[in-house]
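# What the coordinates show
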Amino acid sequence: MSTHAKRERLLLADLLESSGPEAPTLCEGWKTRDLAAHVVVRERRSDAAGGTLFKPLADRLARVQAEFAAKPYEELIQLIRTGPPKMSPFALKQFDEAANTVEFYVHTEDVRRARPDWTPRELDEVFQEALWKRLETAAARLFGRKAPAGLVLRRPNGQTVVARKGTPVVTVLGEPSELLLFASGRQSAAQVETEGDKEAVARVSEAALGI
């Protein structure tokens, strides 16, 4: 049985391939070629990928990613599809599942929802539960740390996670997959409802959430 991460990897590779290298994405300033280069660098160039979190490495990351973006697009797609080298921690099934399920789901939606005619995907309950567990684990540590107000994420069954403590509080309601998109900075593309002080909701909806 394939893992969620492996399934999303293949979906992302197929979508990038069918979209071509110059299609828009939800990642500001990135076309599909740039997004593909990001995915490859993250898995294959640990010496540079840390620039996503650590500012001293940001310039190196930008240089390496630009080098990969200049490669033939078909090569990038094949590198995504075949996965990381055997010596990479991403090659371990458990690490791959933990680190890439969210990564590949979000980037797949980055391409899908940048299209004017996109429609929501039908996601099964098992996958929604997997995404919720990752939200519970990382909401406060990663997704909510830039929120300009208190931020609570609530799914339809009433389960909630506090992404950031504080007042006033903004509550976002939706399926785990949509909450994840909202919390990772794709607020305008997430199918959610918001509750709370009007000004606070506006600030959170426009904030640079996520990593």
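Further up the page is the structure itself.
First, a word on what this report is: a plain description of the structure on this page. (Residues numbered from 1 in each chain as written. Predicted model: local features only at pLDDT ≥ 70, side-chain atom pairs only at ≥ 80, totals over all residues. Heavy atoms only, no water.)

Turning our attention to the packing of helix H7 (residues 125-143) against helix H8 (residues 176-183). The N-to-C vectors of H7 and H8 enclose an angle of 25 degrees; their axes lie 9 Å apart at closest approach. Considering their axes alone, H7 and H8 lie roughly parallel with respect to each other. Between H7 and H8 lies a crossing of left-handed hand. Mapping the contact onto sequence places Gln128, Leu131, Trp132, Leu135 and Phe143 in H7 and Pro176, Ser177, Leu179, Leu180 and Ala183 in H8. Per-class residue counts for the contact of H7 with H8 are eight nonpolar, two polar and no charged. (Axes fitted to C-alpha atoms, helices over the stretch in contact; angles between N-to-C directions. Helix = DSSP H or I, 4+ residues; strand = E, 2+ residues; numbered from the N terminus. Parallel < 35°, antiparallel > 145°, perpendicular 65-115°, else oblique. Left-handed = near helix turned anticlockwise from the far one by under 90°. Contact = heavy atoms within 4.5 Å. Nonpolar A, V, L, I, M, F, W, Y, C, P; charged D, E, K, R; others polar.)

Counting 31 residues, the largest nonpolar core has Tyr105, Leu135, Leu151, Leu153 and Leu180 as the members making the most contacts within it. Looking at this core, the elements with two or more residues in it are helix H6 (93-112), H7, strand E1 (150-154), strand E2 (160-164), strand E3 (169-173), H8 and helix H9 (198-206). Ignoring sequence-local partners within four residues, the contact set of tyrosine 105 consists of Glu8, Arg113, Arg121, Leu123, Phe127, Leu131, Ser177, Leu180 and Leu181. (Core = buried A, V, L, I, M, F, W, Y, C linked by side-chain atoms within 4.5 Å. Buried < 20%, exposed > 50% of the residue type's maximum accessible area, 1.4 Å probe, protein only.)

The sheet built from four strands is open, its strands ordered E2-E1-E3-E4 with mixed pairing. The sheet terminates laterally at E2 and strand E4 (193-195), the two strands that pair on one side only. Shown here is a sheet whose adjacent strand axes are inclined to one another by a mean of 25 degrees, direction ignored. The pairing of E1 with E3 spans five bridges and is classified as parallel. Among the inter-strand pairings, leucine 151 is bridged to a residue of E3, identified as valine 170. Sheet strands touched by H7: E1 and E2. Its angle to E2, the strand with the most contacts, is close to 30 degrees. Against the sheet, H8 contacts E1, E3 and E4, and its axis sits at roughly 160 degrees relative to E1. (Pairing = 2+ DSSP bridges.)

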